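Examining the three-dimensional arrangement
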Amino acid sequence: MSMKDIISSYWCSLTSKERQEIWDMIYPASRGVGYVKLSETAHEPYRGSEEAAGYDLYADIGGEGRAVVIMPGEYMKISTGIAIALPPNTFGALYPRSGMATKRGLVLANGTGIIDSDYRGPIIAAVKNTSNEPQVITHGERIVQLVVEPYITVHFNEVETIGTTARGEGGFGSSDKKEK
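Below is a short write-up of the structure. This structure is a prediction, so every number in the text was calculated from the model and none was measured. (Residues numbered from 1 in each chain as written. Predicted model: local features only at pLDDT ≥ 70, side-chain atom pairs only at ≥ 80, totals over all residues. Heavy atoms only, no water.)

1. So, the environment of Met71
For clarity, the cut-off: Segments assigned H or I by DSSP are reported as helices when at least four residues long, segments assigned E as strands when at least two residues long, and all are numbered from the N terminus. We call two residues contacting when some pair of their heavy atoms lies within 4.5 Å.
Within the fold, Met71 resides in the loop between strand 3 (67-70) and strand 4 (75-79). In this structure, the C-alpha to C-alpha distance between Met71 and Val154, residues 83 residues apart in sequence, is 42 Å. The residues touching Met71, leaving out its near neighbours within four places in the chain, are Asn129 and Pro134.

Here is the structure:
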């Protein structure tokens, strides 16, 4: 058994609390993410359950009773009313909320929004209406979810060749054609 397999097996045997404790030892800054409300009507990020990967972010449209309408095929930039300070070597990924996507056709115009750790501006979601009906987003409605993820920085080096693999240059859908 390889070292990678041993570590993977061990990691899978841990509870989420134990995994978090190990993660905190490796990346001590990962627990604290500062945020600032940019308006009096903004909401703090909310994690729906102990095992939830993402934090819900809310539409900040100017207060109770306020709303916007997104017409079919259109997109609108919607502020969450907050700015965040992510730890170094992490990024924030904005994902559409599955209920909004499947029930109302509201997705992110760019698929997934990326927030770099050095960005300090307002978190804004570019929400697109893929349905055939106008969609109303009200102030305080949960519009996206934020997942904070680590990344590895690499350095690109120009080389003569990058070697070959079994897949080779097979692109989109090429692995679907192989026999199983």
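Picking up after the structure, the text goes on.
2. Thoughts on the packing of aromatic side chains
Both the distance between ring centres and the angle between the ring planes are used here to describe each pair of aromatic rings. Keep this limit in mind: Each pair of aromatic rings taken from Phe, Tyr and Trp, with Trp reduced to its six-membered ring, is defined by centres within 6.5 Å and is described as stacked if the planes are under 30 degrees apart, edge-to-face if over 60, and tilted in the remaining cases. Exposure categories follow from relative accessible area, calculated using a 1.4 Å probe and restricted to protein chains: below 20% of the type maximum is buried, above 50% is exposed, and the middle band is partly exposed.
A complete count under the given rule lists one aromatic pair for this structure. Summarising the aromatic geometry, the rings of Phe91 and Tyr151 are spaced 6.4 Å apart at their centres and angled 45° between planes, so their arrangement reads as tilted. With Phe91 in strand 6 (residues 90-96) and Tyr151 in the segment after strand 11 (142-150), this pair connects stretches of sequence that are 60 residues apart. For Phe91, a relative accessible area of 18% puts it in the buried group. For Tyr151, a relative accessible area of 34% gives the class partly exposed.

3. What to know about the layout of surface pockets
Note the following rule: Points on a 1 Å grid, built from protein atoms alone, make a cavity when a 1.4 Å probe fits but cannot get out and make a pocket when they are open with protein on both sides within 12 Å along at least 5 of 7 lines; residues with an atom within 4 Å of a point are the lining residues. Grid points are joined across faces, edges and corners, and a volume is the space filled by probe spheres set on the points. In this count, Pro and Cys sit with the nonpolar residues alongside Ala, Val, Leu, Ile, Met, Phe, Trp and Tyr, while Asp, Glu, Lys and Arg are called charged and the others, Gly among them, polar.
The volume enclosed by the largest pocket comes to roughly 1100 Å³. Broken down by secondary-structure element, the contributors of at least two residues to the lining of the largest pocket are helix 2 (16-26) and strand 11. Of the residues contributing to the lining of the largest pocket, the split by class is 14 nonpolar, four polar and eight charged. If you add up the space inside the second largest pocket, you get close to 200 Å³. Leu94, Gly113, Ile114, Ile115 and Ile124 are, among the 14 residues lining the second largest pocket, the residues nearest its centre. For the lining of the second largest pocket, the elements supplying multiple residues, two or more each, are strand 8 (113-116) and strand 9 (124-129). Classifying every residue of the lining of the second largest pocket by side-chain character gives ten nonpolar, two polar and two charged.

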